[in-house]
Every structure is written in C-alpha cells, then in structure tokens.
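Here's the letter readout for the chains.
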Amino acid sequence: ENGGGDAKNLRVKLVLLGDSGVGKSCIVLRFVRGQFDPTSKVTVGASFLSQTIALQDSTTVKFEIWDTAGQERYAALAPLYYRGAAVAVIAYDITSPESFSKAQYWVKELQKHGSPDIVMALVGNKADLQEKREVAVEDGMDYAEKNGMFFIETSAKTADNINELFEEIAKRLPRPSV
Ligand code: GDP
Ligand code: MG
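Heads up: these notes are all about the structure in this document. What you see is a predicted model; the values in this text were computed from it and never measured. (Residues numbered from 1 in each chain as written. Chains lettered and ligands numbered in written order. Predicted model: local features only at pLDDT ≥ 70, side-chain atom pairs only at ≥ 80, totals over all residues. Heavy atoms only, no water.)

1. Some details on the side chain of Glu153
Counting through the fold element by element, Glu153 comes out in strand E7 (residues 150–153). Among the polar contacts made by the side chain of Glu153, one reaches the side chain of Arg133 at a distance of 2.8 Å. The contacts of Glu153, once residues within four sequence positions are left out, are Tyr92, Ile94, Gly124, Ala127, Gln130, Arg133, Val137, Asp160 and Asn161. (Helix = DSSP H or I, 4+ residues; strand = E, 2+ residues; numbered from the N terminus. Polar contact = N/O pair within 3.5 Å; in protein donor to acceptor, adjacent residues only side chain to side chain. Contact = heavy atoms within 4.5 Å.)

Below, the structure written as structure tokens:
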C-alpha cells in the first residue's frame, strides 16, 4: 500500500518487528539521528520518528517509522502496528538463532495478515559481533530470497549498512502511477 504523497514525494509507514533486544530502536536512532547509545532504554509502548531521504532520481521518501515494544511479547498487539504499513523491517540479532526463528514467525504473520504489496526487509543486526555469530549470512540470505524479501546485515553500533538498508527499501517501493 502506498502511504501517500505525490509521484516525486512519497510518504510511507514503516514498522519494525523482531525480538526484544535485537536492536530495532538502535537501528532507528542511528538512521534518524546518526547516534548509537549503548545505554538506551527499552522502548515503552511505541515511539514514532520520521526521516526523509532523497533518491538519485530526485524522488524523496519520507519514512514514518513505528518503533514498537510490546509486540515482542504480546503478539495480539502487532496488527495495530503493521496495519497500513507499506514497509516492514523484520530484524534479528546475528548472535541469536532464537531471534532468527522469531523473525521467520513475523514474516509468516505478515504474509498472512499484512498488506498484500508490503515491502519486507530482513535485517541481521549486530554484524559487528562477528566472533559471536550464530546465524550464517547464507541462512538469512536464503530465507529472504525464498520469501521475496530484501536482505541485509547491519550494525547500529558501527553504522554499517544502516543508510543502505533504508535506501534499498526506498528503491523497492511501488511508485504511484502518474
Ligand atoms: P530492541 O529491543 O530491538 O529495540 O533493541 P535495542 O535497540 O534496545 O538494543 C538492545 C541492545 O542491543 C542494546 O544494549 C544495544 O546497545 C545493543 N545493540 C543494538 N544494536 C547493536 C549493534 O549493532 N551492535 C551491538 N554490538 N550491539 C547493539
Ligand atoms: Mg526497542
């Protein structure tokens, strides 16, 4: 679903899903404010931030980002967050196989109940923790490919691939016909 805006200025709702602790809030903070705060607090309720990026073809995309808490534990709340979302970023922690399983649960949930044309990205975060890696890059990549998703590994800590994540999502958005 296209959230709004005209052909050159898109506005899209983006929702973050994934286990608690995988780094969803840190990814958003890194993208929107360029910061990483290792002492950041657990998100309470839902927080809302927006950030606009410009693409090469002079299109701008304003992401309205819903960073959620609670959906991790109370799956029944999740539809409130992802309803009307044009984009879902489903994150896991590359040091946590459990979080990778949980990410797959969210993918299935969105395939069943999300908007049919939702753009989904699978994100393996904490890529800076290579020595603690327990989810192979190939496993993330294969799963994403089988499910028609974009895949990337990121680090909110080092900023690695954070901008690339949002740029790639922007490129994959359906454009309103003129
Ligand atoms: P959320 O529950 O998914 O929103 O996770 P948070 O953003 O609150 O992050 C959970 C913990 O992981 C915090 O202690 C962060 O400092 C840490 N963290 C988040 N992203 C990264 C990352 O890319 N690398 C490392 N090493 N730690 C991270
Ligand atoms: Mg959070």
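2. Notes on the site of ligand 1
With respect to spatial proximity, 17 residues lie near ligand 1, and among them Gly21, Lys24, Cys26, Asp128 and Ala156 are the closest. Protein contacts shield 83% of the accessible area of ligand 1, which totals 580 Å² for the unbound molecule. No other element matches helix H1 (residues 24–33), which puts 3 residues into the shell around ligand 1. (Near = heavy atom within 4 Å. Areas by Shrake-Rupley, 256 points an atom, 1.4 Å probe, with all protein chains shown as cover.)

3. Topic: helix H4 (residues 137–146)
Of all the positions in H4, only Gly140, Tyr143 and Ala144 are classed as buried. Within H4, the buried residues cover an arc of 100° as seen down the axis, which keeps them to one side. Facing away from the buried side of H4 by more than 90 degrees, the exposed set consists of Glu145 and Lys146. Among the residues trailing H4, Gly148 stands out with phi positive, at a value near 65°. (Buried < 20%, exposed > 50% of the residue type's maximum accessible area, 1.4 Å probe, protein only. Arc of directions from axis to C-beta.)

That is the geometry; function is a separate question.
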